[in-house]
Amino acid sequence: MNYIDPLLPKHREAQVRFLDGEFQVLKAGEFVRCGITGEPIPVHSLRYWSVDRQIAYKDARTAFADMYR
């Protein structure tokens, strides 16, 4: 390991379990990935997800479009 290498990554992906109206953080992190686009979503701004599919959506438009896929 080089002294320049960080000990911990700057950004860690969280693992969450999506429930009705809330989510439970299983592994702490700063973001989750959109299940459709793969884009990172900050945990503090996570608003849309599917309980049945257990995936997050980046916005309402992506969630709505996934319903009719």
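Residues numbered from 1 in each chain as written. Predicted model: local features only at pLDDT ≥ 70, side-chain atom pairs only at ≥ 80, totals over all residues. Heavy atoms only, no water.

**Q** Please provide a residue-by-residue account of the overall build of the chain, values included.
**A** Helix and strand counts for the chain stand at one helix and six strands. The linear arrangement of helices and strands in the chain, starting from the amino end, is β-β-β-β-β-β-α. For the chain, buried positions account for 23% of its 69 residues. Put simply, 22% of the contacts in the chain that link residues at least 6 apart link residues at least 24 apart. (Helix = DSSP H or I, 4+ residues; strand = E, 2+ residues; numbered from the N terminus. Buried < 20%, exposed > 50% of the residue type's maximum accessible area, 1.4 Å probe, protein only. Contact = heavy atoms within 4.5 Å.)

**Q** Break down unusual backbone geometry for me, with residues and values.
**A** Non-glycine residue Gln-54 carries a positive phi angle of around 55°. For Gln-54, the location among the structural elements is in the loop between strand S5 (48-50) and strand S6 (55-57).

**Q** Let's hear about a nonpolar patch on the surface: which residues, and what values?
**A** A cluster of nonpolar side chains, Phe-64, Met-67 and Tyr-68, forms an exposed patch at the surface whose accessible area comes to about 400 Å². Here Met-67 shows up in helix H1 (residues 60-67). Judged by relative accessible area, Met-67 falls into the exposed class, the value being 58%. (Patch = residues over 30% accessible without salt bridge, like charges linked within 9 Å, V, L, I, M, F, W, Y side chains within 5 Å. Areas by Shrake-Rupley, 256 points an atom, 1.4 Å probe, with all protein chains shown as cover. Salt bridge = Lys/Arg side-chain N within 4 Å of Asp/Glu carboxyl O.)

**Q** So, the nonpolar core: which residues are in play, and what are the values?
**A** Core analysis: the biggest nonpolar cluster contains nine residues, these being Ala-14, Val-16, Phe-18, Val-32, Cys-34, Ile-41, Val-43, Leu-46 and Ala-56. Setting aside chain neighbours within four positions, we find Val-43 in contact with Ala-14, Phe-23, Gly-29, Glu-30, Phe-31 and Val-32. (Core = buried A, V, L, I, M, F, W, Y, C linked by side-chain atoms within 4.5 Å.)

**Q** For the pairing of strand S2 (residues 22-27), give the residues involved together with the corresponding values.
**A** Sheet topology places strand S1 (residues 15-19) next to S2; five bridges connect them, and they run antiparallel. Directly across from Phe-18, in S2, lies its bridge partner Phe-23. Counting the residues that bridge the hairpin from S1 to S2 gives two residues, and of these Gly-21 lies at a positive phi of roughly 80°. (Pairing = 2+ DSSP bridges.)

**Q** An account of the side chain of Ser-50 is needed here, citing residue identities and associated values.
**A** Along the chain, the position of Ser-50 falls in strand S5. Each residue touching Ser-50, except ones within four places of it in the same chain, is listed here: Phe-18, Ile-55 and Tyr-57.

**Q** Give me the packing of aromatic side chains: which residues, what numbers.
**A** Scanning the model with the defined rule gives two aromatic pairs in all. Ring centres of Phe-18 and Trp-49 lie 5.7 Å apart, and the angle between their planes is 20°; on these two criteria the pair is classed as stacked. With Phe-18 in strand S1 and Trp-49 in strand S5, this residue pair connects regions lying 31 residues apart in the sequence. When its relative accessible area of 5% is taken as the criterion, Phe-18 is described as buried. Considering the side-chain rings of Phe-23 and Trp-49, the 5.4 Å spacing of their centres and the 85° angle between planes classify their relative orientation as edge-to-face. Here the residue Phe-23 occupies a position in strand S2, and Trp-49 occupies one in strand S5, the gap between them amounting to 26 residues. Judged by relative accessible area, which is 26%, Phe-23 ranks as partly exposed. Among the aromatic residues, those joined into a cluster by ring pairs are Phe-18, Phe-23 and Trp-49. (Phe/Tyr/Trp six-rings, centres within 6.5 Å; stacked < 30°, edge-to-face > 60°.)

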